[in-house]
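# Fold and geometry: a report
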Amino acid sequence: MDLSNINPILLIASIMISATPILLAALGEMVVEKSGVLNLGVEGMMISGAVIGFIVAINTGAPLLGFATAAVAGAVLSLSFGILTQVLLSNQVATGLGLTLLGLGLSSLLGKPYEGMKAETLPKLDIPVLGDLPVVGRMLFSHDIMVYLSLALVVAVWAFLKYTRAGLILRAVGESHDSAHALGYKVVRVRLLAIMFGGACAGLGGAYLSLVRVPQWTEGMTAGAGWIALAIVVFASWRAGRVLIGAYLFGGITVLQLNLQAAGLTWGVQYLSMSPYLITILVLVFISSNRSRSNHDAPATLGRTFHATR
Amino acid sequence: MIRRTLLATAAAGLTLALGAPAMAQDDPTKACFVYVGPIGDGGWTYQHHQGALALQEEYGDAVEIAYQESVPEGADSERVITQMALSGCDIIFTTSFGYMDPTNNVAAKFPDVKFEHSTGYKREHPNVSTYNARFYEGRAVVGHIAGKMTETNKIGYIGSFPIPEVIMGINSYYHHAKLANPEVELVVTWAYTWFDPAKEADAARAMLDQGVDVITAHTDSTAPLAEIGKEDGSAWGFGQASDMAAFMTNEDGTPGPRIASIIDDWSPYYIKRVGQLMDGTYEQIDSWAGMPEGEVVIGEMNDAIPDDVKAEAEALIASIETGEYHPFTGPINKQDGSAWLAEGETAKDGTLLGMDFYIEGITGDIPN
Amino acid sequence: MIRLEKRPQPSKTWTVATPILAVVLTMIFGGIMFGLIGTSPVEAIRTIFWDPLFHPQFANFSRPQLLVKAGPLILIAIGLSIGFRAGIWNIGAEGQYIMGAIVGAAAGLALYPMESALILPLMIVAGALGGWAWAMIPGLLKVKFGTNEILVSLMLVYVAENILASVSSGVLRNPEGMGFPGSRNLAQWSSSQNLDLIPGTGMHLGVLSAFIAVILAYVLLTRHIQGFNIRLSGQAPRAAKFAGVAPARIILFCLGMAGALAGMAGLFEVTGPAGQVSIDFGSGYGFTAIIVAFLGRLHPVGILLAGLLMALTYIGGELAQLMLGVPGASIQLFQGMLLFFLLGVDVLTNYRVRFGAGEVA
């Protein structure tokens, strides 16, 4: 074993790319959950985004257009979940699982003609000055635009939830839909918007997989990334900054264990891959046992159906 | 008597489905295929389906094919295989290791139907045959190319699971790389999956970051090749299971990251077996064919490979195809230095099929 | 303006009519989908819904298979539904199912190759305990720290999947299996095999247990004080507290039972239809069972029917692939549609649709 073979600069650079899809999806899901809705269909929306983004990028030759369409597709698909759970008051857990089924089926039907093709991928940005810096240049400033967009989105979501009035309303709706309703806020409308934002983010995450990360379309290519995104939201205890940490940690552990293997470590690597989930559970226990803190971030109405009685 | 009606009904159903004008023959032979992945996986299942299509092409109306994709191993596969037998399939190819027990179970109930299980070893009934291909022959050729192509003297292998099939491939790949380049060092990473494009890409990336510059994969997707392609011509890889020709040449015309490939070509076997079934010479067998029979094929080498290396690879292919060279020919020692094959001795099939050791020179342990 | 008005009682008529409406809607939209991919819609729908039951060639085989496929779904869904009624959201049944199979199989394999009629019962108990213990983790965490059980149980699915992968290529690997991952075949070891009780009927112990679970759950929910407590905890948690129902006991009871039933389902599956512990053993029954529980409106009889309907779409879908050559993905999409319609029209059971402006401003 020779751990000196692992170059930390390259390791971090590749973690950033590896974590971007789950970061995007988890960020969207966090906003959805903040509004009090649990959408388990992230996997379905991600893979739909992956296929739609790929199809559009192939046909237009413009990967950015692919990303945009993938976001729209994710939002549209999530709207079906939104209508079912918010308007027709169906159970969110079951509907979310159904959404995953629907997304997986739909994506492989749509993607059939595009298997084995290669799409135009996003160029790496050539950031002047910063990109030429030693160490950090290669590590942080030589990525494609979506990596930076996802980081910007983390800041935007954080600022939105913390400082804007709309963010406050969203959190109020998630905290107590009845009180929010009594105050005159449109609970259903707020939640539908949050759900669509979540869908759009999941779509972007999926498109990042098919357009940058892998880059190709293959049936079932998300291979569980959507479920990891769900875990990250919990790990992050519903805070944008921690979603970033969570995504980089989850993505990082996969990359790290492969790097350790390549450096010659053969024992116990598969146990490393279950550690993020165990850490998530510990985090959950920690935040829930720390009730004394008034600032308890889990939305109180998560997963509950809301029906305005008057 | 009953079987005849069954056949007729099934045939009618299929004709309707395919929209064929009418049945061309009274009693076409029906060959059915159970796939573990989607046909569009671009690798393992895709190649089996190519074999099925070649079979159809070969015999035309005399053969009908039917298939089912993404069949989970275990309980579901047993039901699917039974339904195929009921639907009038004359011969059923089950194309994943996990179908081994289900195939034998169903075979017991349908003695008149022939069953062919791929990559397994159980033939509990006279109507069960097994077939596999000597992929390690292909690994030998790409191993030689890898040994010659590497600049860093570090070559990589993305393993799926530590099973004999994969270990055999690793040993063959390393042995021939070492023969071509004594300085070569092998890096193995286990993905613990057959198919997860993102993870496969990560595995390739991890090795590239550590200075590996030629990688072969034992997983199904093209993701490692795409990842290697990001190195802009300083690292190389191979198509696995299918040709993965999309990665042979870059858009600007320069040679792409896929410098050669190991292709699983099942069509000769499918054509042979169904042909035997039709002319009455069919017998139970345990087939383990390879490059001589055309079941393992090395895809076109691209121009990244220098001509002399190409020639050497061609010579190696020829010697394996004629049967004069066995990729595991001694002297080869085991990893711990103990003797395995003496000078000129070739490996026994039994040892290979249960291979659970690395050969001398490979560092690291086989995970358990 | 369309409004929904909650009914004082769920409508009896709509309880029966909504599933039918949903199936009809699925047939229409699914038919359009099949038409789009170039398959005759009538043929496809007939193959999925009719052929597994009545096709002269397949029905004798596929009717019992409906039971085999539905058995674990029903068994797991019954356990889940009781928790759901109490407002306890265990969505980690897949993990409990896997752990039940692993623990049960390990208990049996430890005695291999002994021959005894007691081994299978021992394995069943071990399987139930394995699932129970796995469900106790979110249970105890919820009781002790108030940790969200939805998320913990979901996380534990991934942990269970990792354990499954590791034991099937590690401690439980068949020593005679040529180094391939996967345990010995439990369905071929006479001490552990879980065969059809009456050959050819598909009625193995797991299916029988599922039927018994349906009956017991019905009795529990309608005739037993614990059933009342459970329903009360779900509908009016505060009232339940005043009535002296300890929430902790309800939580542990519901999660424990769901876990034990899922664990048993896993054990019956691994000793019967699946045959061995292997990396791909987790076939998603635990998640599908959540769907089944909701399709069955959390009612034992409803779950029985929903489990059978779900099994029908699986088996019919397989036949459609085989006979009509439709892609597997279209079946997945079809099932997704069915689920969405069933969930969507359920609103009519509990709510009245009113047109016009509301009388309360």
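Let me sum up the structure you'll find in this document.

Conventions used here
- Residues numbered from 1 in each chain as written.
- Chains lettered and ligands numbered in written order.
- Predicted model: local features only at pLDDT ≥ 70, side-chain atom pairs only at ≥ 80, totals over all residues.
- Axes fitted to C-alpha atoms, helices over the stretch in contact; angles between N-to-C directions.
- Helix = DSSP H or I, 4+ residues; strand = E, 2+ residues; numbered from the N terminus.
- Left-handed = near helix turned anticlockwise from the far one by under 90°.
- Contact = placed C-beta atoms within 7 Å.
- Nonpolar A, V, L, I, M, F, W, Y, C, P; charged D, E, K, R; others polar.
- Pairing = 2+ DSSP bridges.
- Expected span 1.5 Å × (residues − 1).
- Buried ≥ 20, exposed ≤ 12 C-beta atoms within 10 Å, placed from the backbone.

Residues and elements named next belong to chain B. Helix 4 (residues 100-109) packs onto helix 3 (residues 75-86) with a crossing angle of 35° between their chain directions and a minimal axis gap of 9 Å. For the crossing formed where helix 3 meets helix 4, the hand is right-handed. Across the interface between the two elements, Ser77, Glu78, Ile81, Thr82 and Ala85 from helix 3 touch Pro102, Thr103, Asn105 and Val106 from helix 4. Looking at the contact of helix 3 with helix 4 residue by residue, the class counts come to four nonpolar, four polar and one charged.

Moving on, we come to the sheet that holds strand 8 (residues 214-217) of chain B. All names here are of chain B. Taken together, six strands build an open sheet; the order of strands is 7-6-8-9-10-12 and the sheet is mixed. Every other strand in the sheet has two partners, leaving strand 7 (185-190) and strand 12 (296-299) as the edge strands with one partner each. The sheet shows a mean angle of 15° between the axes of neighbouring strands, taken without regard to direction. Pairing analysis gives five bridges linking strand 9 (residues 236-241) to strand 10 (residues 258-264), with the strands arranged parallel. Among the inter-strand pairings, Gly237 is bridged to a residue of strand 10, identified as Arg258.

Moving on: the interface of chain C and chain B. Tallying the contact residues gives 29 residues for chain C and 37 residues for chain B. Put simply, the parts of the chain that give the side of chain C that touches chain B at least two residues each are helix 4 (59-85) and helix 13 (300-324) of chain C. A per-element tally of the side of chain C that touches chain B places helix 13 of chain C first, with six residues. A breakdown of the residues in the side of chain C that touches chain B according to their chemical character gives 13 nonpolar, 12 polar and four charged.

In this model helix 7 (residues 149-168) of chain C runs 28 Å from its N-terminal to its C-terminal C-alpha over 20 residues, within 8% of the 28 Å that 1.5 Å per residue would give. The buried fraction of helix 7 of chain C amounts to 17 of the 20 residues, a majority that puts the element mostly inside the structure.

All right, on to unusual backbone geometry then. A cis geometry characterises the amide bond from Gly330 of chain B onward to Pro331 of chain B, with omega recorded as 5°. Turning to its location among the elements, Pro331 of chain B is positioned in the loop between helix 10 (307-321) and strand 13 (332-333). In this structure, the amide linkage connecting Tyr112 of chain C to the following residue, Pro113 of chain C, adopts the cis form with an omega of 0°. Structurally, Pro113 of chain C can be placed in the loop between helix 5 (93-109) and helix 6 (119-145). In this model, Ser237 of chain A sits at a positive phi of 45°, which is unusual for a non-glycine residue. Its location among the elements puts Ser237 of chain A in the loop between helix 10 (225-235) and helix 11 (240-262). Judged by C-beta crowding, with 19 C-beta atoms within 10 Å, Ser237 of chain A ranks as partly exposed. The phi torsion at Arg297 of chain C lies on the positive side, around 55°, for a residue other than glycine. Note on Arg297 of chain C: 20 C-beta atoms within 10 Å, which makes it buried.

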